[in-house]
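# Structural description and commentary
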Amino acid sequence: MSSLLAELCASASAAFAAEGLGPEFGIVQPSDRADLAQFQCNGALSAAKAAKTNPRAIAEKIAARLSGTGLFSDVSIAGPGFINLKLKDAFLQARLQTLADAPESALPKSGAGKRVLLDFGGPNVAKPMHVGHLRSAIIGDCLQRLFAALSWTKLSDVHLGDWGLPMGQLITELALRQPDLPYFQDADLSPYPAQSPVTMEDLEILYPEASNACKSDPIRLETARQATAELQAGRPGYRVLWQHFFKVSEIGLQREFASLGVRFDMWKGEADAAPLIPPMVENLKAAGLAVMSEGALVVPVAEDGDTKEIPPLILLKSDGAVLYGTTDLATIVERETSFDPDLVLYVVDQRQHGHFEQVFRAAKKSGLSGDALLEHVGYGTVNGTDGKPFKTRAGGVMKLFDLIAMATEEAEKRLAEQGLAADYPAEERAAIARMVGVAAIKFADLSNNRVSGYVFDLERFTRFEGKTGPYLQYAAVRIKSILRRAREEGHSLGAPVIRSEEERRLALQLLAWPETLLAAEEKRAPHYICDYVFTLAQSFSRFYAEHHILSESDAELRSARLGLCAVTLAVLEQGLSLLGIEIPERM
Ligand code: ARG
């Protein structure tokens, strides 16, 4: 099913072309005045400007041609030459029927034949995940669902931070505490014990200790740097120890992401690209792209016309240690060979924009990224109600489990206030509260324009009124329950019929789904989907308020309205599933 808007644009373009005018003037958009028209085309004004003629005269000719298509119940001209359009109900009904017959036909196949790699999540080994990683996970997950739904061949990678200074810091901290462990002896004592010397809880203590010590003590910092360089150079004991850090963290992180319903196709990290670094560096040197600067090996990436200084990408420090940019560059090489993507999306904090600018320029300049388009999909920070970056009450980093627990608790309160799920078994009520809590967090995060920051306010996010995840879940559950009762009462679902303004508005909103998906894909903008499902739920609500459905005595009308309920649910379910929001069976 093509997008309705695309079809209208095609008709208008044909009308302009038939008048000997540029088809590019045939742009149709939803009307700014929904009370006057459904769609409008302002092309006559720009066409008249280009041809230096009277816009109204052009508008009249275009309007006549559009009337002739038989699609519209009303074509009228307003003001200097705006064309207002209303579609015939029969046309809307036919399209609605196509959607009802095959809801998946609403998903444009815009990604067919194309490969996208999504790099998101990106927590760091041994460090607790913070709310920034949560944003990356939520936005990245929505984008991976969207791209997959639009027929892209999709691969996602959590890209763990596992190859930098924190690893050396951990090694030296543990060496201070347990110097007798075999990993720290000079000789290679392979095979080393299979059992990890640390648990996730240990790492959570060791890392902050180590990091603080390095901040106040330059010698500690130097030792940690040294250990990092040795690890990267392949010192056997350190490599084995590092593997334990990685495994222990991976298990913990997988549990955390799973609790959020976020899955990755690959659990790779910076270190996976490490073996590719030496040959890559050699090639860059040989090609004259990597040069020495102040003891470090760098790739200059400044370009003519830069308005601000773009510093060179540092490949190797003077001690031979590699940096964040080096592993990112080598990871590009790895992905080119293993997946050959057309597009790579990095869903990472907006504040890393400069970093990605350097990496992408270096990759392009050296041809390492082939013909792949590399794109930083940045996002803003999450702030507390005090306007400062979000922290726990004690001032620490909020852990994902705690966050979900808090949201679930808040959701429980809301359910009780609303008298929802009250007499359900405790287990089911708890599961619903959890789904509502997670939906509240996800929807709040996704509904903001991703580049702007937002205030984390659970009280607001968990409300059942307004533009929230819980409101949408409730809307979907309500339609489910109507359809369930219809089944129980033996009513059939019929073809949707449009007889009232509420039905017409709902139909138009349903038919705007494909173009919403395309826009969300193009702008990498989950909030388009949020806006859409919210408006859809509101349109349904108005329809529901104004019409009898189950209580309608005319069987034909009832079944047509049930049909409309069913399509609405199908589209709402698609939308919420793209947002990663689960819908309870009942509430
Ligand atoms: N680990 C990084 C951080 O915590 C994010 C990694 C993002 N992905 C990438 N390819 N650089 O900031």
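Residues numbered from 1 in each chain as written. Predicted model: local features only at pLDDT ≥ 70, side-chain atom pairs only at ≥ 80, totals over all residues. Heavy atoms only, no water.

### Side note on the overall build of the protein
Here is the rule: For the purposes of this entry, the term helix denotes a DSSP run of H or I that reaches at least four residues, the term strand denotes a run of E that reaches at least two, and both are numbered from the N terminus. A 1.4 Å probe rolled over the protein chains alone gives each residue an accessible area, and that area as a share of the maximum for its type sets the label: buried under 20%, exposed over 50%, partly exposed in between. Any two residues whose heavy atoms approach within 4.5 Å are treated as being in contact. Accessible areas in this description were obtained via Shrake-Rupley with a 1.4 Å probe; residue shielding takes into account the shown protein chains only. Positive residues here are Lys and Arg, negative ones are Asp and Glu, while His and the chain termini are left out of the count. Lysine's charge is taken at NZ, arginine's at CZ, aspartate's at CG and glutamate's at CD.
The secondary structure content of the protein amounts to 20 helices and 13 strands. For the protein, the spread of C-alpha atoms along the three principal axes comes to 85 × 70 × 40 Å. Burial statistics for the protein: of 587 residues in total, 52% are counted as buried. Looking at the protein alone, contacts between residues at least 24 apart form 74% of all its contacts between residues at least 6 apart. Carbon and sulfur atoms make up 52% of the accessible area of the protein, which totals about 25600 Å². Side-chain charges in the protein split into 61 positive and 75 negative, and the spacing between the mean points of these groups amounts to 4 Å.

### Some remarks on a nonpolar patch on the surface
Our working rule: The patches described consist of residues with a relative accessible area above 30% and no salt bridge, like charges being joined within 9 Å and nonpolar side chains (Val, Leu, Ile, Met, Phe, Trp, Tyr) within 5 Å. Any Lys or Arg side-chain nitrogen located within 4 Å of an Asp or Glu carboxyl oxygen qualifies as a salt bridge.
A grouping of Ile-314, Leu-323 and Tyr-324 is seen on the molecular surface, where their side chains present a nonpolar patch of about 220 Å² in accessible area. Within the secondary structure layout, Tyr-324 lies in helix H11 (residues 324-338).

### A short note on the environment of Gly-563
Looking at where Gly-563 falls in the secondary structure, it is placed in helix H20 (residues 555-578). As a C-alpha pair, Gly-563 and Val-497 span 66 residues in sequence and 8.4 Å in three-dimensional space. With residues near it in sequence (within four places) discarded, Gly-563 still touches Leu-493, Gly-494 and Pro-496.

### Some remarks on the sheet that holds strand E11 (residues 373-379)
To be explicit about the condition: Here, strands pair whenever DSSP counts at least two bridges between them. Interaxial angles span 0 to 180 degrees and are taken between N-to-C directions of axes, which are lines fitted to C-alpha atoms, for helices over the stretch in contact.
Taken in spatial order, the 4 strands of this open sheet run E6-E5-E10-E11, and their pairing is parallel. Two strands in the sheet have a free side with no partner beyond their single neighbour: strand E6 (153-157) and E11. Strand-to-strand, the axes of this sheet are offset by a mean angle of 20°, without reference to chain direction. Sheet analysis places strand E10 (residues 343-349) next to E11, joined by 7 bridges and oriented parallel. When the bridges of E11 are listed, Val-348 appears paired with Gly-378. Sheet strands touched by helix H12 (residues 353-365): E10 and E11. Its angle to E11, the strand with the most contacts, is close to 180°.

### Quick notes on the environment of Lys-88
Relative to the helices and strands, Lys-88 resides in the loop between strand E4 (82-87) and helix H4 (89-101). The sequence separation of Lys-88 and Gly-113 amounts to 25 residues, and the corresponding C-alpha distance is 36 Å. Not counting residues within four places of it along the chain, the set of residues in contact with Lys-88 comprises Gly-70, Leu-71, Phe-72 and Ser-73.

### Notes on the pairing of strand E5 (residues 115-119)
On a regular strand, one side chain projects to one face of the sheet and the next to the other, so that they alternate. Rules: Convention used here: a crossover is right-handed provided that the path from the first strand, over the helix, to the second strand proceeds clockwise when the strands point away from the viewer.
Taken across its 5 residues, E5 has 4 buried, putting it largely inside the fold. Alignment of E5 against E6, held across 5 bridges, turns out to be parallel. If you follow Asp-119 over to E6, its bridge partner there is Asp-157. Crossover connection from E5 via helix H5 (residues 131-149) to parallel E6: handedness right-handed.

### Some words on the sheet that holds strand E9 (residues 313-316)
By definition, the strands of a sheet pair up through backbone hydrogen bonds, in either a parallel or an antiparallel sense. Strand order across the open sheet formed by 3 strands is E7-E8-E9, with antiparallel pairing between neighbours. Each edge of the open sheet carries a strand with a single partner, namely strand E7 (291-293) and E9. Across the sheet, the mean angle from the axis of one strand to that of its neighbour is 50°, orientation sign disregarded. Where strand E8 (residues 296-299) lies against E9, 3 bridges are found, and the strand directions are antiparallel. The partner of Leu-297 across the bridge, within E9, is Leu-316. Packing against the sheet, helix H10 (residues 277-286) makes contact with E8 and E9, and its axis sits at approximately 120° to E9.

### Topic: the site of the ligand
Put simply, the rule is: Nearness here has a simple test: a residue counts as near a molecule or strand if at least one of its heavy atoms is within 4 Å of that partner. Any N or O atom pair separated by 3.5 Å or less is treated as a polar contact, with the protein-specific requirement of one donor-capable and one acceptor-capable atom, and with residues adjacent in sequence counted only for side-chain atom pairs. Side-chain classes follow a simple rule in which Ala, Val, Leu, Ile, Met, Phe, Trp, Tyr, Cys and Pro form the nonpolar group, Asp, Glu, Lys and Arg form the charged group, and the remainder, Gly included, forms the polar group.
Taken together, the residues surrounding the ligand are Asp-119, Gly-122, Asn-124, His-133, His-159, Tyr-324, Asp-328, Tyr-346, Val-348, Gln-352 and Phe-356. Here Asp-119 contributes a side-chain N or O atom positioned 2.8 Å from a nitrogen atom of the ligand. Within the backbone of Gly-122, one N or O atom sits 2.9 Å away from a nitrogen atom of the ligand. Burial of the ligand by the protein chains amounts to 89% of its free accessible area of 350 Å². For the shell around the ligand, the secondary structure elements donating two or more residues are H11 and E10. In the shell around the ligand, the residues fall into 4 nonpolar, 5 polar and 2 charged.

### Section: helix H6 (residues 165-177)
Which entries qualify depends on this criterion: Working rule for helices: expected span equals 1.5 Å times residues minus one.
Between its terminal C-alpha atoms H6 stretches 19 Å, which fits the 18 Å expected from 13 residues at 1.5 Å a residue. Among the residues making up H6, those that are buried are Met-167, Gly-168, Gln-169, Leu-170, Ile-171, Thr-172, Glu-173 and Leu-174.

### A closer look at the side chain of Arg-450
Take Arg-450: it is sitting in the loop between helix H14 (426-447) and strand E13 (454-455). No salt bridge is formed by the buried Arg-450; its nearest oppositely charged neighbour, Glu-375, is found at 5.5 Å. When sequence neighbours within four positions are dropped, the list of residues in contact with Arg-450 reads Arg-135, Ile-139, Val-377, Gly-378, Tyr-379, Gly-380, Lys-523 and Arg-524.

### Some words on the nonpolar core
This is how the line gets drawn: The definition of a nonpolar core used throughout is a set of buried Ala, Val, Leu, Ile, Met, Phe, Trp, Tyr and Cys residues joined through side-chain atoms within 4.5 Å.
Judged by nonpolar contacts, the single largest core of 186 residues is most densely connected at Leu-87, Leu-315, Leu-329 and Leu-579. Broken down by element, this core gets its largest block of residues, 10 residues, from H14. Apart from the residues lying within four places of it in its own chain, the contact partners of Leu-87 are Leu-4, Leu-8, Gln-38, Phe-39, Leu-71, Phe-72, Ser-73, Leu-92 and Leu-508.

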